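Remarks on the overall topology
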Amino acid sequence: MFDNFKESFIKFITSRAVIVCGVLGILACIIVYRLFSLQIINGEYYLDSFKLRIKKEKTIAAARGNIYDRNGNLLAYNELANSVTIEDVYKSGSQKNKNINTTLDRLITIIEKNGDSVDKNFNIIIADNGNFEFTVEDKQLLRFLADVYGHSSINDLKYEEKTKTAQEVVDDLCRSFKIGDYEESGNSDTPFVPMKGYSRSRALKILDIRYNMNQNSFQKYIDTTVASDVSDKTVADVMENADTLEGVSIEESTARKYVDAVYFAQLLGYTGKISEDELATLSLENPSYGLNDTVGKSGIEQAMESVLQGTKGSETVYVDNTGQVIETSNYVDSLAGNDVYLTIDKELTEACYNIIEQSLAGILVSKIQNVKTYTYTSTSSSSNIVIPIYDVYYAIFDNDVVDISHFSERNAKDNEKAVYEQFQGKYAQVIEELQNELNEKETPYDHLTKEYQWYMSHIAAMLYSDGIIDSSLVDREDQVYIAWTKDETISLAEYLKYVIAMNWVDVSKLDIENQYADSEEIFKQIVSYITKALDKDTDFQTRLYKYLLLDGYISGTQVCNILLEQDAVPNMDEEERSLWERGGETAYAFMVNRVANLDITPAQLALDPCTGSMVVTDVNTGDVLALVTYPGYDNNKMANGVDPEYYAKLRSDNSNPLLNYATQQKTAPGSTFKMVSATAGLNEGVITTDSVIYCGGQFDKLNPAPKCWIHPRGHGGLNVTGGIRNSCNVFFYEVGFRLGLVGNNYVPDTGLERLAHYADMYGLTEKSGIEIAESEPNVSDQDAVRSAIGQGTHSYTTVGLARYVTTVANNGTCYDLTLIDKTTDSDGNLLKDYRAEVRNIVDQPGSYWNAIHTGMRQVVQDKSYYANLGVAVAGKTGTAQESASRPNHSLFVCYAPYENPEIAIATRIAFGYTSSYAAQITKEALAYYFELRDEDDIISGTAQTLQDGATNAD
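This section reports on the structure supplied with the text. (Residues numbered from 1 in each chain as written. Predicted model: local features only at pLDDT ≥ 70, side-chain atom pairs only at ≥ 80, totals over all residues. Heavy atoms only, no water.)

Quick look at the side chain of S768 now. With respect to the secondary-structure elements, S768 resides in the loop between helix 28 (748–761) and helix 29 (784–787). Not counting the four nearest positions on each side in its chain, S768 is found in contact with E774, V799, G800, R803, Y815, D816 and L817. (Helix = DSSP H or I, 4+ residues; strand = E, 2+ residues; numbered from the N terminus. Contact = heavy atoms within 4.5 Å.)

This brings us to the side chain of K367. For K367, the position within the fold is in helix 12 (residues 346–367). This buried residue, K367, is left without a salt bridge; D948 holds the nearest opposite charge, at 4.9 Å. Filtering out sequence-adjacent residues up to four positions away, K367 remains in contact with S383, I385, V386, I387, Y913 and Y917. (Buried < 20%, exposed > 50% of the residue type's maximum accessible area, 1.4 Å probe, protein only. Lys, Arg positive; Asp, Glu negative; His and termini not counted. Salt bridge = Lys/Arg side-chain N within 4 Å of Asp/Glu carboxyl O.)

Let's shift gears to unusual backbone geometry. The step from D608 to P609 runs through a cis peptide bond, and the omega angle for that step is -5°. With respect to the helices and strands, the residue P609 is situated in the loop between helix 23 (602–605) and strand 18 (612–618). In this model, Y630 is joined to P631 through a cis peptide bond whose omega is 5°. The backbone of E931 sits at a positive phi, close to 55°, despite the residue not being glycine. Summarising the element assignment, E931 is placed in the loop between helix 32 (915–929) and helix 33 (935–938).

Take a negative patch on the surface next. A cluster of acidic side chains, namely D128, D398, D400, D403, E409 and D539, defines a negative patch on the protein surface. Note that D128 resides in the loop between strand 5 (124–126) and strand 6 (132–134). Exposure remark for D128: the relative accessible area of 42% places this residue in the partly exposed category. (Patch = residues over 30% accessible without salt bridge, like charges linked within 9 Å, V, L, I, M, F, W, Y side chains within 5 Å. Areas by Shrake-Rupley, 256 points an atom, 1.4 Å probe, with all protein chains shown as cover. Charge placed at Lys NZ, Arg CZ, Asp CG, Glu CD.)

Moving on to the packing of aromatic side chains. Using the criterion set out here, one finds 37 aromatic pairs in the structure. An angle of 80° between the planes, with centres 6.0 Å apart, marks the rings of W454 and Y455 as edge-to-face. Under the relative-accessibility criterion, W454 is labelled partly exposed at 23%. Here Y455 falls in the buried class, since its relative accessible area comes to 0%. Three or more aromatic residues joined by ring pairs form one cluster here, namely F397, F407, Y420, F423, Y427, Y452, W454, Y455, F540, Y545 and Y547. (Phe/Tyr/Trp six-rings, centres within 6.5 Å; stacked < 30°, edge-to-face > 60°.)

This part covers the nonpolar core. General note: in soluble globular proteins, nonpolar side chains tend to be found buried as a group. One finds I300, L342, Y495, I526, Y545, M591 and L926 to be the most contacted residues of the largest nonpolar core, which totals 219 residues. In terms of residues, this core owes the most to one element, helix 12, which gives 10 residues. Once you skip the residues sitting within four places of it in the chain, I526 turns out to touch L463, I468, L496, I500, V505 and L510. Residues V118, L145, C174 and F177 belong to the second largest nonpolar core, which totals 44 residues. (Core = buried A, V, L, I, M, F, W, Y, C linked by side-chain atoms within 4.5 Å.)

Of the strand pairs in this sheet, strand 3 (residues 67–68) and strand 4 (residues 74–86) are connected by 2 bridges, and their pairing is antiparallel. Pairing of Y68 across the sheet is with L74, part of strand 4. In this structure, the hairpin formed by strand 3 and strand 4 is closed by a connection of 5 residues, where G72 is found at a positive phi of approximately 85°. Pairing between strand 4 and strand 10 (residues 248–258): 11 bridges, direction antiparallel. By the bridge assignment, E79 is partnered in strand 10 with A255. Bridging between strand 4 and strand 9 (residues 224–227) involves 3 bridges; their strand directions are antiparallel. Note on strand 9: the bridge partner recorded for I86 is T224. (Pairing = 2+ DSSP bridges.)

Attention now goes to the pattern of salt bridges. Between side chains of opposite charge, a pair can form as their charged atoms come close. Inspection of the entire model under this criterion finds 40 salt bridges. Of the charged contacts, one joins R64 and E301 as a salt bridge, the two residues approaching to 2.8 Å between their closest N and O atoms. Of this pair, R64 sits in the loop between strand 2 (51–60) and strand 3 while E301 is found in helix 10 (residues 299–303), placing the two residues 237 residues apart along the sequence. In this structure, the salt-bridge partner of R594 is D599, at a minimum N-O distance of 2.8 Å. Accessibility expressed as a relative area gives 0% for R594, which makes it buried. Residue D599 is classed as buried on the basis of its relative accessible area, which comes to 10%. Connected through shared salt-bridge partners, R64, R256, E301 and E305 make up one network.

Right, let's get into the state of the cysteines. Scanning all chains against the criterion turns up 0 disulfides. With no disulfide of its own, C610 has C352 as its nearest cysteine by sulfur position, at a separation of 19 Å. Given a relative accessible area of 8%, C610 falls into the buried group. C894 provides the cysteine sulfur closest to C814, a residue in no disulfide bond, and the two sulfurs are 18 Å apart. By relative accessible area, C814 is classed as buried at 0%. (Disulfide = S-S within 2.5 Å.)

Counted residue by residue, helix 22 (residues 587–596) has 7 buried out of 10 residues, so it is predominantly covered. Along helix 22, the residues classified as buried are A587, F590, M591, V592, R594, V595 and A596. For helix 22, the secondary structure elements touched by its buried residues are helix 12, strand 16 (368–369), helix 13 (389–398), helix 20 (556–565), helix 21 (574–581) and helix 23. Phi turns positive, to about 60°, at L598, one or two residues after helix 22.

Moving on to the packing of helix 12 against helix 22. Helix 22 packs onto helix 12 with a crossing angle of 160° between their chain directions and a minimal axis gap of 9 Å. Overall, the two elements helix 12 and helix 22 adopt an arrangement that is roughly antiparallel. Between helix 12 and helix 22 the crossing geometry is left-handed. Residue-level inspection shows A361, L364 and V365 of helix 12 in contact with helix 22, the latter providing V592, V595 and A596. Taken together, the residues of the contact of helix 12 with helix 22 break down into 6 nonpolar, no polar and no charged. (Axes fitted to C-alpha atoms, helices over the stretch in contact; angles between N-to-C directions. Parallel < 35°, antiparallel > 145°, perpendicular 65-115°, else oblique. Left-handed = near helix turned anticlockwise from the far one by under 90°. Nonpolar A, V, L, I, M, F, W, Y, C, P; charged D, E, K, R; others polar.)

Between helix 13 and helix 20, the shortest axis-to-axis distance is 10 Å and the interhelical angle comes to 40°. As judged from the angle between their axes, helix 13 and helix 20 are oblique. When you trace helix 13 past helix 20, the crossing you get is left-handed. Of the residues in helix 20, those in contact with Y393, I396 and F397 of helix 13 are G556, V559 and L563. When grouped by side-chain class, the residues that make up the contact of helix 13 with helix 20 number 5 nonpolar, 1 polar and no charged.

This is the structure in C-alpha cells:
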C-alpha cells in the first residue's frame, strides 16, 4: 500500500513539476526571445513589463541672445514657437522610400492648408520661369554638389558632377529617394520617372526634407525640422493625425524675430540651418554644434555667432515604438546666449532710410516725362536723361509690381483679361517670326529691329546659360564668334550652325536619340529647344509687354486699372481712387502721383535711381551710428526656414534688395577723393598751401587733354583751398601730374604709388573694420592724372568713404570702425565693452588740415540749400560716371559741426544724376540728427522735392 502511495505521489509531483518547468521554460524562452530580438534591433531597446521602450539622448536647444541698438531698443529677439519635425523610424525594405514620401506629402498638405510653410534649406529653388535654379554659386555650389554626390571634398567631384544643372541634380536625388513613380506605375521593371505623380513644387519640398533627413541619418534619434513657427491649427491637425504620420512630432522651439525688419535686414542678417561648411568651421571652436542647429547666416547674426549662440541642454527620453514619450530623466537645462548691443542708433537709421526713399521718389517724379521713349546720344548729358512714362508702365510688369501670372486665372478681372488676350496674340506672332528667322530669313543682327535684337541676344544668352553651347569650348578669337558678338554682322542662325560645325554644342542636353545625328538634325533640335524654353521663360514673356505698350496694344490706362484690380497700391487714398474712377486723371498723372505718394516705391519701379546708402559715424570714437542701405527686405521671412517664394522674388527683384549697398556696392569716389590728392600734394611738396594753379578749362599737358567740369570756361588761378571749394579738375590734374614727375619726366606709376600711399593713410586700401561682410576697396592703378580727381580705377564702398571722411574730420585719427558697443549676459551683466581700434594717425601740419577743412566748408557754404540749416557743415561732393547711357553716381561726404566735429556722413545714390542730390539728402539727415526741424517735416512720407543742381560743381 505504501509502495502504491509512493508511486502515485511521485507520479503526481513529477507531472506537476513537468508542468511548472514547462511553464517556466516557456516564459524564459519568451523573455530570451524578446530580449534577443530587441538586441538585434538596437542595443538600447529593453522591456519593462513587456512594454517596448526606446531610450533617446536628446539635446535641448538654447535660446539665442538678443540684439539691441546703442540705446537699448530691441532689434532681434526670440519668440516661443512650435515646429513640426520628423524622425526616420521607418522599417527598411523596398517600401521605405514610398512610405516616407507618402507621409511627407500628407504632412505638407496639412501644414500648407493652415497657411504655414515648409522650411527651405535646400540650395535649389523654382525660378520665376518654372525652371529649377541653384541659389549658390562658385565654391558654395561645388560644396553643395560634393554633399549631394557623397564626396567629403570638392576636389573629389567628377567633371560630370561639377557640371550638373539644377534640374539634373533634382532628378538624381528624386531617383535616389524614389520621389516619383515608374513609367508603368508599380512596375519596377520599367524606367523610374522623377517627380511623376507630384507637382514640381511639391516634389522639391519633399526632396528638401528627404535630403536633410539623409544628412542627419548618421546620427541616432536626430529629428529633422519640416516647418518652423507653425500655427496652433497645424499643431492640432498634426497631433490629431499622429497615428498615421509615422515619426512626425511637434517640438517646442523658438522663432527668431526682427523688429522693423526692412530697415535693418542687411545689417542684422538672419539665422538658418547650419551648412556642412559652417559646421566644420564652427565646430573647431565649439564641438557641440550639430547638423540640425540654427546659426547666423549673414550680418551681425553671423559675425557675433559665438556670442549669441547659447549652451545646449540635454535630457534622456524614453519613447514607445510609435514615438510617443513615456518618460524623461536626467534633465539639464540649456543656457541662453549672450546679448549684443550695437553702436547703431535705431531711430536715426530709420530716419535716414526714409529720407533716402522719399528723396529717390522726388528725383523720379522730377525726371518722369509723358513720352514713350528717350534716346541717348553722344551729345546728351547724363544729367539730362529723362524717364519716359512708358518705362514706368513697363516697370509695373517687369519688377512684379503686379502679378502677371494672374492674368490667365479664372478669376482675372476685365483689364487683366484684355491685356492677356493681347499678350497671347503677341506671343504667337513673335514665336512664329523667330522660327522664320532661324529657319529661313537669317537676317544679320545689325539689320534687325531693336526688338528682335533683344530676342536674339536673349536666346543666345539662354543657350549659353543652359549649357547647350558649351562656353568652355568656344574660341573667343574665332572670327565668326567675333562677327556675332562684336561686329554683329551675322544672324543667330548662322552663328548656331557654325557652333554646331565646331562641336561647341553639348548634344546630350538635346532631345536627340541618335548620338551620330548630323548638323541639320542638331540645328533642328536647337530650334525646338528654343521654342520650348521660351514657353517657360518669364524674362522673355515679360519683355513682350514692353513692345505691346510701345506699339499701343496695351494702354497706360489699362496698367493703372490692373494696379487697382490686383490691389497693388493698398495705401492709395480713397479720394484719389475716386478721382481716377471718375475719369478725372490721366494715366500719366495717376502714375506720377503714385510715385509721389510712395504708393509705388522707387524700389518697386527699379528705375534709375532706385538704391542708396548712407553711413553716419561718431568722428571721435569710430562708432557707426547708422549704416543704411536702400531698399531693405523682411528678414523675418528668411529666418526660421526660408520662404522660397519670397526668396525667389528677392533674387529676381531688379533693385537687388539682398545687396548691402553701404558695404558691398563699390563705385568710383569722384571728387570726394580730392582731399586725398590735396594731402598727397602738400606732403610730397609738389604744392604748398599758397601755390596757385591756373585753370583754363582743360589740362594741356596730356593728349587728348582732359577737361574740367566747368569747360569751356575756366576757374582761373586757385590755391588748394580754392581747388577743393570749386572742385577744380584742372587743379588736381596738375597735382596728379606733379606727383608723377621723376626729374622732368612724367611717370604715371610713380604718381599712382604716391596717391596710393596717402589713400592708405585714410584707410582706403583696406576694409573699414566693421564686423560684417564688406567688399575690398580698389585703389586706382591707371592714369595718375585722372586718378587724382577720383577717376581711374578707384572703387570704394560707402562705409569705406565714411571712414575716410571721419579721418578728415578729426584731424587724422583713422579708426577701424565698429558696429559693436558691448555684450552682456542674459541678465544684463557686462561681458565686454567694445571700442574702435585706432588704425593709424595721419600726421601733417595744422596748416594743411586748415586748408583742406576750409575748402570743404566753403563747398557747403556755396550750396544755397544749406543756408540757414542751423549747423555749420563741411563737405565734398562727388560725381562718378559708370555708363554713358545712365545717370552718374551721386556722392557726398561731410562732417558737422564744422567748429567741433561730432559726426561724419557718407552718402551715395547710385545713378543719382548729380552730386547735389546726395548733398541735399545728407542735409535732411543732418537736420534730423541735430533736431533742427520737426521730424514730421523731415520725414513726410511723400516724395521730397530736391533742387536741380546739374550745373553746380561736382
